[in-house]
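# A look at the structure
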Amino acid sequence: MPCFMKVKIRSRVLRALLMPVFVTLSATVFSAPLMCLYFGMNSLVAPLTNLLALWSVTVSFVGGIFLSILGFVSVPLAGALGKVLHLLYVWLRWVTQAFSSVFCAAVYRQTPLVLVWSYLTYVLTATAILKKVKWF
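Okay, so let's go over this structure. What you see is a predicted model, and the numbers here were worked out from it, not measured in a lab.

A separate point is the overall build of the protein chain. Across its full length, the protein chain holds 4 helices and 2 strands. Helices and strands in the protein chain line up, N terminus first, as α-β-α-α-β-α. The C-alpha atoms of the protein chain give a radius of gyration of 19 Å, which is well past the 14 Å a tight globule of 136 residues would have. A principal-axis box enclosing the C-alpha atoms of the protein chain has dimensions of 55 × 40 × 25 Å. Going through the 136 residues of the protein chain one by one, you find that 19% of them count as buried.

Applying the stated criterion across every chain yields a total of 2 aromatic pairs. Aromatic pair Trp55 and Trp91: ring centres 6.4 Å apart, planes at 40 degrees, arrangement tilted. Of this pair, Trp55 sits in helix 2 (residues 46-73) while Trp91 sits in helix 3 (residues 75-100), and the two are 36 residues apart along the sequence. Exposure remark for Trp55: the relative accessible area of 42% places this residue in the partly exposed category. Through a chain of ring-to-ring contacts, the aromatic side chains of Trp55, Trp91 and Trp94 assemble into a single cluster.

Before going further, it helps to spend a moment on the nonpolar core. Within soluble globular proteins, side chains that are nonpolar tend to cluster in buried spots. With 5 residues, the main nonpolar core is built from Val45, Ala53, Val95, Phe99 and Ala105. The residues touching Val95, leaving out its near neighbours within four places in the chain, are Thr49, Leu52 and Ala53.

For Thr49, the position within the fold is in helix 2. Dropping the residues within four chain positions of it, Thr49 is found in contact with Val95 and Phe99.

What follows is about helix 3. For helix 3, built from 26 residues, the straight-helix expectation of 38 Å at 1.5 Å per residue is met to within 8% by its first-to-last C-alpha distance of 36 Å. The sharpest bend along helix 3 reaches about 25 degrees and sits at Lys83. Turning to helix 3, its buried residues are Ala78, Leu88, Val95 and Phe99. Looking at the packing, one finds that the buried side of helix 3 touches helix 2. Where helix 3 begins, one side-chain oxygen reaches toward the backbone nitrogen of Leu77, 3.3 Å away; that side chain belongs to Ser74.

Next up on the list: a nonpolar patch on the surface. On the surface, Val29, Phe30, Tyr122 and Val123 cluster together into a nonpolar patch covering about 320 Å² of accessible area. Broken down by secondary-structure element, the contributors of at least two residues to the nonpolar patch are helix 1 (12-39) and helix 4 (112-131).

With that out of the way, let us pick up the environment of Val84. Examined against the element boundaries, Val84 turns out to sit in helix 3. A relative accessible area of 52% places Val84 in the exposed class. Separated by 40 residues in the primary sequence, Val84 and Leu44 have C-alpha atoms spaced 31 Å apart.

Definitions and cut-offs
- Residues numbered from 1 in each chain as written.
- Predicted model: local features only at pLDDT ≥ 70, side-chain atom pairs only at ≥ 80, totals over all residues.
- Heavy atoms only, no water.
- Helix = DSSP H or I, 4+ residues; strand = E, 2+ residues; numbered from the N terminus.
- Rg over C-alpha atoms; globule rule 2.2 N^0.38 Å.
- Buried < 20%, exposed > 50% of the residue type's maximum accessible area, 1.4 Å probe, protein only.
- Phe/Tyr/Trp six-rings, centres within 6.5 Å; stacked < 30°, edge-to-face > 60°.
- Core = buried A, V, L, I, M, F, W, Y, C linked by side-chain atoms within 4.5 Å.
- Contact = heavy atoms within 4.5 Å.
- Expected span 1.5 Å × (residues − 1).
- Bend = angle between axes of the 7 residues up to and from the residue.
- Polar contact = N/O pair within 3.5 Å; in protein donor to acceptor, adjacent residues only side chain to side chain.
- Patch = residues over 30% accessible without salt bridge, like charges linked within 9 Å, V, L, I, M, F, W, Y side chains within 5 Å.
- Areas by Shrake-Rupley, 256 points an atom, 1.4 Å probe, with all protein chains shown as cover.
- Salt bridge = Lys/Arg side-chain N within 4 Å of Asp/Glu carboxyl O.

Spatial relationships are all this shows, so hold off on functional conclusions.
So this is what it looks like as structure tokens:
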């Protein structure tokens, strides 16, 4: 087991605050090289955007399932609650539009150095996990 998995957070509040950070970082670490290869760019604002939007996607997904079931019982009630759930979509759209227009929001692969940097980061992270490097 990698050494960073041995850390246990006892405080529920701290765990609730740090969990989106860990999810964002793990998604970014493993998707950045693939994004650079297939799309020719890496987003620099993606971690911050994910932190602001991750909770709304989760609540929207669970709320959508709940409203689908509620629709079998009461269509007007499900419709009314759906309008409230629509506010999460508005928030998500605002976050993505606001952060996509930030100056230097992404690094584009104009030179091979960005691709090399991306893969080198990926290889070093994988090596640190597999070799159980103490500082990692």
